[in-house]
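Architecture at a glance
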Amino acid sequence: MKIRVQKYQGNPILTPQLGERSFEKACVYNPAAIVNDGKVYLLYRAEEGYYDRYVSRVGLAISEDGFSFERYPNNPIIDRDPAREEEKRGIEDLRVIQIEDGRYFLTYTAYAGLIEDGATKIKLCGAFSQDLIHWEKIGSLLPGREKAGAIIQDYKYKDQYVMYLGEGILKVAFSKNLKHWEMREQPVLEPREGYFDDILVEGGPPPLVTEQGILVIYNSAKGGVGYRGTKEGMSYSPVVPIHNTLIWFKPEFSQGNHLSWFSVKTGGVYDTSLRKMQ
């Protein structure tokens, strides 16, 4: 599969709105996008501050053509909930799909700040909506420290939704109702030493089903030696792996102990592998 991407010459399509009371005066980024009634609905993450002072909220912008957007007048559409400790610092990592009954389901990472060892305090959470404007939060989808859940649009495996998730490694989880998930602890994708994704792989937007298999776009980060003398993330890139759905979910058709994945970045093709799912 060859994927060619060209940046839009009119970028940026959305910029922060300045103002003393603006919830997005610092930055707008990391959006989720979905088409509804022929229009593109962009749910974007917005912050009013930087570093340890920011809180992430969700704004909505709508476009007829995917390039020119108008903001919903009553933004933000999703704010942190004071009753939810996990949302103390807001809502991040938005991914949205439409389900069979016409409703929309959003996964997001609830962020509560740093804990004693310097790690981030996060939870993978979900919310339902009828109109992409009003959202009903359902709380945590999985126990523990999980994030970046990307559910495959228009696809089920054995009557279950399939979600890729994780930070640092990519895992898979299954659910019949989007509320309760069973996760496989064994990673399906991991960093590769010496490549552009050598310190991090992370769930990206909702995967798509194609004739060649399930197309997954994941975030990657490459390490380097920073000024502190430690290995740090030096670049952060979207990448595309693809696997054959028949082989992946029916491992008896694979050879040996691994399945093949292919990653595509700037025209280069890289081959990596996964262990068979038991």
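Our subject is the structure that appears above.
Predicted model only: the values in this text are computed from it and were never measured. (Residues numbered from 1 in each chain as written. Predicted model: local features only at pLDDT ≥ 70, side-chain atom pairs only at ≥ 80, totals over all residues. Heavy atoms only, no water.)

Topic: the sheet that holds strand S11 (residues 170-175)
The following threshold applies: For two strands to be treated as a pair, DSSP must find at least two bridges joining them. In this text, helices come from DSSP runs of H or I with a minimum length of four residues, and strands from runs of E with a minimum of two, each type numbered from the N-terminal end.
Pairing in this open sheet of 4 strands is antiparallel, and the strands run S9-S10-S11-S12 from one edge to the other. At either end of the open sheet lies a strand with only one pairing partner, and these are strand S9 (150-151) and strand S12 (182-189). Taken together, the 2 bridges between S9 and strand S10 (residues 161-165) define a ladder with antiparallel strand orientation. Opposite Ala150, over in S10, you have Tyr164 as the bridge partner.

Points about the nonpolar core
Selection criterion: What makes a nonpolar core is a set of buried Ala, Val, Leu, Ile, Met, Phe, Trp, Tyr and Cys residues whose side-chain atoms join them at distances within 4.5 Å. Burial classes follow relative accessibility: with a 1.4 Å probe on protein chains only, a residue under 20% of its type's maximum area counts as buried, one over 50% as exposed, and anything between as partly exposed. When checking whether two residues touch, look at their non-hydrogen atoms; a contact exists if any pair is within 4.5 Å.
Ranked by size, the top nonpolar core spans 21 residues in total, and within it Leu43, Ile77, Leu94, Val96, Leu106, Tyr108 and Trp135 carry the most contacts. Elements represented by at least two residues in this core include exactly strand S1 (27-36), strand S2 (39-47), strand S3 (56-63), strand S5 (91-98), strand S6 (104-114) and strand S7 (120-129). Ignoring any residue separated from it by four or fewer positions in sequence, one finds Leu43 in contact with Asn30, Pro31, Ala32, Val58, Gly59, Leu60, Ile77, Leu94, Leu106 and Trp135.

Some points on the sheet that holds strand S8 (residues 135-140)
Working definition: the strands of a sheet are paired by backbone hydrogen bonds and lie parallel or antiparallel to each other. As a reminder, the rule being used: Axis definition: a line fit to C-alpha positions, over the contact stretch in the case of helices; interaxial angles, taken between N-to-C directions, run 0 to 180 degrees.
Overall, antiparallel pairing links the 4 strands, which are arranged S5-S6-S7-S8 in an open sheet. Each edge of the open sheet is held by one strand with a lone partner, namely S5 and S8. Strand-to-strand twist in this sheet, taken as the mean axis angle between neighbours without regard to direction, amounts to 25°. Where S5 meets S6, 6 bridges bridge the pair, whose relative direction is antiparallel. Following the sheet pairing, Val96 is matched in S6 by Leu106.

Remarks on the packing of aromatic side chains
Test applied: Two aromatic rings from Phe, Tyr or Trp, using only the six-membered ring of Trp, form a pair when their centres are within 6.5 Å; if the ring planes differ by under 30 degrees the pair is stacked, by over 60 it is edge-to-face, and anything between is tilted.
One pass over the structure, following the stated rule, counts 4 aromatic pairs. Ring centres of Tyr54 and Tyr111 lie 6.2 Å apart, and the angle between their planes is 20°; this geometry places the pair in the stacked category. With a gap of 57 residues between them, Tyr54 in the loop between S2 and S3 and Tyr111 in strand S6 connect regions that are remote in the sequence. Of the two residues, Tyr54 and Tyr111, neither departs from the other in class, the shared state being buried. Both rings, one in Phe105 and one in Phe128, keep their centres 4.8 Å apart while their planes meet at 55°; by these two values the pair is tilted. Taken as a pair, Phe105 in strand S6 and Phe128 in strand S7 lie far apart in primary sequence, 23 residues in all.

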